[in-house]
Amino acid sequence: MTHSRPTLLCLSGHDPGGGAGVQADIETAVALGVHALTVVTALTVQDSSDVREVEPVPADLIARQLDVMLADFRIDAVKLGLLGGAGQLAVIRAALDRLRVPVVLDPVLRAGGGSDLVAADFPAALLRELAPAVTVMTPNAAEARRLGGAEAVLAAGAEHVLVTGGDEPGERVVNVHHRRGAPPQRHEWPRLPGPFHGAGCTLASAVAAKLARGLAVEAALTEAQAWTHASLARGFAPGRGRPIPGRFA
Ligand code: PLP
């Protein structure tokens, strides 16, 4: 008997500590009943406090991986996380244009520990080359400002923007869903004791997994936030630095 299950293609960096990046994608997908296909965009040197180095995977190697995967696997949605620089954007865009499935982009620009993860001209290149193919972008408040604000992201072509407020002060975390032609919608959550490592990756992967399962964007955003909040409430600290989400009950 053949069983089928939805698949999610993830292009993300590798975090050896397992809190963020590809491992966050795989754990989230599995927890939500989705099979993860993973193309690694960058290796990193990091501990549970901060990222020290980002080593990009060559763009032509990513292109060759995508070529054989697109010819073989059914792909229901795509999640894009940390990318290894502007040189990877064209091959990724070409794959998205071939696939035409929902795409979630987590624009990872800076690590929670404070290190910059991309070059100064990367945010503009990301908007120009990938935003028109994006269904949902999930910047945190600082990343949204660096991209010119939620309106600029929508103007660049993204259909939906969820600006997360975990990095902003306040007793409650306020995430705001922006889309063209409708008023922004607030989602509020009690603030859990953090700061966490891998929360943003986990939320973006959860949104993408929900879209892979066929949910509409509104429902995907709501269910993914609730699941991520529950994962953070189960958070644990495998190292000396920040806790990571507990993605399995
Ligand atoms: N490492 C990788 C591979 C990531 O994808 C990210 C964020 O997306 C980070 C590190 C930083 O995660 P955080 O900002 O949650 O510490």
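The structure presented is a predicted model; accordingly, all values stated were derived computationally and were not measured.

Caption draft 1: Geometry of empty space enclosed by the protein. Enumeration according to the criterion identifies one cavity of 30 Å³ or more in this entry. By volume, the largest cavity amounts to about 40 Å³. Lining the largest cavity are Gly81, Leu82, Leu83, Leu105, Asp106, Pro107, Val108, Leu109, Phe122 and Leu126. The residue inventory of the lining of the largest cavity, partitioned by class, reads eight nonpolar, one polar and one charged.

Caption draft 2: A look at the sheet that holds strand S7 (residues 160-163). Pairing within the open sheet is mixed, and its nine strands lie in the order S3-S2-S1-S4-S5-S6-S7-S8-S9. Where the open sheet ends on each side, the last strands, each with one partner, are strand S3 (51-56) and strand S9 (182-190). The pairing of strand S2 (residues 35-46) with S3 spans five bridges and is classified as antiparallel. The partner of Leu43 across the bridge, within S3, is Glu55. Contacts from helix H3 (residues 89-99) reach strand S1 (7-14), strand S4 (77-80) and strand S5 (103-105) within the one sheet, and its direction differs from that of S4 by about 160 degrees. Of the strands in this sheet, strand S6 (136-137), S7, strand S8 (172-179) and S9 are in contact with helix H8 (residues 217-233), which crosses S9 at around 15 degrees.

Caption draft 3: Up close: the site of the ligand. Looking at the ligand, there are 13 residues lining it, with Gln46, Gly112, His197, Gly198 and Cys201 nearest. At 2.8 Å, a side-chain N or O of Gln46 approaches a nitrogen atom of the ligand. Relative to its unbound accessible surface of 390 Å², the ligand loses 92% to contact with the protein. Its residues placed into classes, the shell around the ligand shows six nonpolar, six polar and one charged.

Caption draft 4: How the structure looks around the pattern of salt bridges. Across all of its chains, the model carries 14 salt bridges by this definition. Of the charged contacts in the structure, one is a salt bridge between Arg145 and Glu168, with a shortest N-O distance of 3.4 Å. Here Arg145 is found in helix H5 (residues 141-146), whereas its partner Glu168 is found in the loop between S7 and S8, with 23 residues between them in sequence.

Caption draft 5: Representation of the nonpolar core in the model. Among the nonpolar cores identified, the biggest contains 46 residues, and Leu9, Leu11, Val78, Leu80, Leu130 and Met137 are the most heavily contacted of them. If one sorts the elements of this core by residue count, H3 sits on top with five residues. Setting aside chain neighbours within four positions, we find Met137 in contact with Leu105, Pro107, Leu127, Ala131, Leu147, Val153, Ala158, His160, Val161 and Leu162. Counting 23 residues, the second-largest nonpolar core is a separate cluster that includes Val34, Val207, Leu211 and Ala212.

Caption draft 6: View of unusual backbone geometry. In this structure, Pro195 follows Gly194 across a cis peptide bond, with omega equal to -5 degrees. Position of Pro195 among the secondary structure elements: in the loop between S9 and helix H7 (199-212). Positive phi, close to 55 degrees, is recorded for Arg100, a residue that is not glycine. For Arg100, the location among the structural elements is in the loop between H3 and S5. A relative accessible area of 71% places Arg100 in the exposed class.

The rules behind these values
Residues numbered from 1 in each chain as written. Predicted model: local features only at pLDDT ≥ 70, side-chain atom pairs only at ≥ 80, totals over all residues. Heavy atoms only, no water. 1 Å grid on protein atoms, 1.4 Å probe; cavity = no way out; pocket = protein on both sides within 12 Å on 5 of 7 lines; lining within 4 Å. Points joined across faces, edges and corners; volume = space filled by probe spheres on them. Nonpolar A, V, L, I, M, F, W, Y, C, P; charged D, E, K, R; others polar. Pairing = 2+ DSSP bridges. Helix = DSSP H or I, 4+ residues; strand = E, 2+ residues; numbered from the N terminus. Contact = heavy atoms within 4.5 Å. Axes fitted to C-alpha atoms, helices over the stretch in contact; angles between N-to-C directions. Near = heavy atom within 4 Å. Polar contact = N/O pair within 3.5 Å; in protein donor to acceptor, adjacent residues only side chain to side chain. Areas by Shrake-Rupley, 256 points an atom, 1.4 Å probe, with all protein chains shown as cover. Salt bridge = Lys/Arg side-chain N within 4 Å of Asp/Glu carboxyl O. Core = buried A, V, L, I, M, F, W, Y, C linked by side-chain atoms within 4.5 Å. Buried < 20%, exposed > 50% of the residue type's maximum accessible area, 1.4 Å probe, protein only.

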